[in-house]
Amino acid sequence: MSFKTYLIRRFLFMIPLLILISVVSFVIIQLPPGDFLTMYVLQLQSRGYKIAQEEVVRLRARYGLDRPLYLQYFIWIWNIIRYGDLGRSFAYDKPVGELIRERIMLSSFIAILSLLFSWGVGFFIGVYSATHQYSFGDYFFTFLGFIGMSLPGFFIALIVIFISLTYFNYNPMGLFSYEYLSVSWNIWKFLDMMKHIMVAVLALGIGGTASIIRIIRGCLLDELRKAYVITARAKGLSERKLLFKYPIRMAINPLLSTIGWLLPGIFSGEALASIVLNIPTTGPLFLEALMAQDMFLAGSFLLIISTLVIIGSLISDIILAWIDPRIRYG
Amino acid sequence: MEEMYEKVEISLEEKIYLASQWQLIWWKFKRHKLAIIALWILGILYFIAAFCEFLAPYTPETSFDEHIFIPPTPIHIIDDGKLTRPFVYGFNVRMNFETFLREVVPDPEKKYPIRFFYRGEPYKLWGLFESDIHLFGVEDGVIFLFGTDNLGRDIFSRILYGARISLTIGLVGIALSLILGLLLGGLAGYLGGTVDEVIMRGVDFLVSIPTIPLWMSLSAALPRNWPITKTYFAITIILSAVGWCGLARVTRGKFLSLKEEDFITAARLVGCSNLRIIFKHFLPSFLSYIIVSVTLSIPNMILGETALSFLGLGLQPPAISWGILLQQAQDLNVMTNHPWVLIPCLFVFITVLMFNFLGDGLRDAADPYSR
């Protein structure tokens, strides 16, 4: 199979996944009783506004709420594909797309940073643990890894908030410190934002780091026991060259192949940690939407997050196939 | 002397040859010290969950109106430089006019010895047996090992009661996942072909949705006025809706590799029925792997319930779980001024850590090819 056919197959495989995910998101939108327009109208009335009957009819037709359920689904999808219209948030009285767009960038930014953090730290510790198997350092990092695995991101976020508030009198919550809130963009404001984001990255990255360490360590240990390593050592290759020439290259593969299942976890954790840290990403918005039963917002969030995860794992599969020919020929 | 030495050697070796698979696993497992410790600690935690009514000094709903946000009560065993039975001091609450915070000052005049098997508030063990004997308590005074919350309820007692929901939700959830996972994974592996393709694509699909947002949306749809037990089971179903995927993958993989083994072919040739092959030959060969993966999936469920309850989407008060107790920590002022509301975190963390240690030990023990 050539690289091209592999790519095409992989793309085609993505389509049923995306369709299924859109169905699940739609089901979630439909779960609470009543459609969102009745909620919307009720909400407006409770605020004392009057909504014209024609307006309701027009919106009803736009979102197809007068049609049977399966048609509603197709209309929803059609609106997304044709107009990029994900529906309307009645709580914010804004199109969902507009609300999510602002925040999805920040969510992805934090997710990517914590993935990089997990990789960077996990890779080095994993290689160290494998090359120093059963040493004190190995046991120490294995133990730390267990702790990292057992601490969910939002616990770490809670603990960081507690420590920095009590001991450093510094509030890590929100995206900016108070004094930068109304300042226009400059380098200090950016640094301040990064400081706030780093807490979330740390909270999210630690769990991922723990699993990366385990994978790299196991993979490298398997590789180091292989005959070609022994041969190379017997021929007098330096330990350094011996390690970096092949075994490390082999051990990098799982870094890429784990993206597929690390990403859902990171986005899950990101939502939680951002809620705790009050960072304006999609997480807090999603929770608010669920609490207010603002279902178009909630369903669209699930759709977009899952699509991002699928695209992420698609990219990782493509890179993996590109650097490791065995996968596309296998 | 030498003869005797040899004799012992042979019998030891014979013991290994004669031992069943489970005995071998157990011997190997016993060498894994962390896993053994983890097993003990988990045992204690589940014991606590079972007998929380007796172990807790107060009932979870008892609120001491005048004792709101009291810090943990220190226990003293030395009085006037002499060792005595454990006792606690009484305390006075007063306002510090420099910081404008309430301060709790121990009152050395008032000493309350801790009494064991103390007759305190009446309770019903498991809702069946009426009693009023608590493991410990103090007369006249109060004892709050982990402090009190915003309504003056004893956090220690509430944590013990919360263990009941937090620790069992993982077990019930995993039982559901296990049934689904074994059934669907087994079908996929045994039948192969289209069935395999459909089931495994379904697994791929479920795994690609971020779990917490999915759990959040599903549990947000649960009616808020449901009774606790109904919500409890709904939450376990939601948790296991995703939890079965990993188990299905393991089961399918094992079925696929076992299908080609000679002893399975032999069993088929002598005319064993499909059911007999599955229960007599398949199941025993991969049961250990299933146990390992079950142990490692329980923490996800416990953390899932904690996260949902923490966000207010899972079980609702008056239900008590560790996640619900943590809701208090959402308020920044409460958390910084009364850090003991974070103690439930510690219990969740220890439970999850112990399950991870246990799972790791079991994995090493169950793998015949490990060192």
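Because the structure is predicted, anything quoted here is derived from the model rather than measured.

**Student:** Would you mind going over the overall build of chain B in detail, with residue names and values included?
**Tutor:** The helix and strand tally for chain B stands at 13 helices and four strands. On C-alpha atoms alone, chain B measures out to a radius of gyration of 26 Å, which is more than a quarter above the 21 Å that the 2.2 N^0.38 rule sets for 371 residues. C-alpha extents for chain B along the principal axes are approximately 85 × 70 × 40 Å. Here chain B, with 371 residues, has 48% of them falling under the buried criterion. In chain B, 67% of the contacts between residues at least 6 apart in sequence involve partners at least 24 apart.

**Student:** Which residues make up the confidence of the model for chain B, and what values do they have?
**Tutor:** Residue and element names in this part refer to chain B. Taken over all residues, the pLDDT of chain B has a mean of 81, while the share at 70 or more is 95%. By mean pLDDT, the top-scoring element of chain B is helix 3 (residues 33-50) (90), and the lowest-scoring one is helix 1 (residues 2-18) (62). Overall fold confidence for the complex sits at a pTM of 0.83, while the interface term, ipTM, reaches 0.79.

**Student:** Residues and numbers for the nonpolar core, please.
**Tutor:** In this structure, A:Trp76 and B:Met216 are the most contacted members of the largest nonpolar core, which totals 190 residues. The residue makeup of this core includes at least three contributed by each of domain 1 (3-83) and domain 2 (98-329) of chain A. Once residues within four sequence positions are removed from consideration, A:Trp76 is found in contact with A:Ser22, A:Ser25, A:Phe26, A:Ile29, A:Asp85, A:Leu86, A:Phe296, A:Ser300 and A:Leu303.

**Student:** With reference to specific residues and values, describe the interface of chain B and chain A.
**Tutor:** Opposite the 41 residues of chain B that make contact, chain A presents 42 residues. Across the interface of chain B and chain A, roughly 3600 Å² is buried in total on both sides, 83% from carbon and sulfur atoms. It is B:Phe205, B:Pro210 and B:Phe349 in chain B that bury the most area against chain A; as a group they hold 15% of the surface buried on that side. Across the contact surface, chain B and chain A share one salt bridge. Counting every contact that joins chain B to chain A gives four residue pairs in polar contact (both at pLDDT 80 or more). Taken together, the elements giving at least two residues each to the side of chain B that touches chain A come down to helix 6 (193-208), helix 7 (211-220), helix 10 (274-311), helix 12 (332-337) and helix 13 (343-366) of chain B. Counting residues per element, the side of chain B that touches chain A draws most heavily on helix 13 of chain B, at nine residues. Residue composition of the side of chain B that touches chain A, grouped by class: 28 nonpolar, seven polar and six charged.

Calculation criteria
Residues numbered from 1 in each chain as written. Chains lettered and ligands numbered in written order. Predicted model: local features only at pLDDT ≥ 70, side-chain atom pairs only at ≥ 80, totals over all residues. Heavy atoms only, no water. Helix = DSSP H or I, 4+ residues; strand = E, 2+ residues; numbered from the N terminus. Rg over C-alpha atoms; globule rule 2.2 N^0.38 Å. Buried < 20%, exposed > 50% of the residue type's maximum accessible area, 1.4 Å probe, protein only. Contact = heavy atoms within 4.5 Å. pLDDT = per-residue confidence, 0-100. Core = buried A, V, L, I, M, F, W, Y, C linked by side-chain atoms within 4.5 Å. Domains from an automatic or database assignment. Buried area = accessible area lost by both parts, 1.4 Å probe. Salt bridge = Lys/Arg side-chain N within 4 Å of Asp/Glu carboxyl O. Polar contact = N/O pair within 3.5 Å; in protein donor to acceptor, adjacent residues only side chain to side chain. Nonpolar A, V, L, I, M, F, W, Y, C, P; charged D, E, K, R; others polar.

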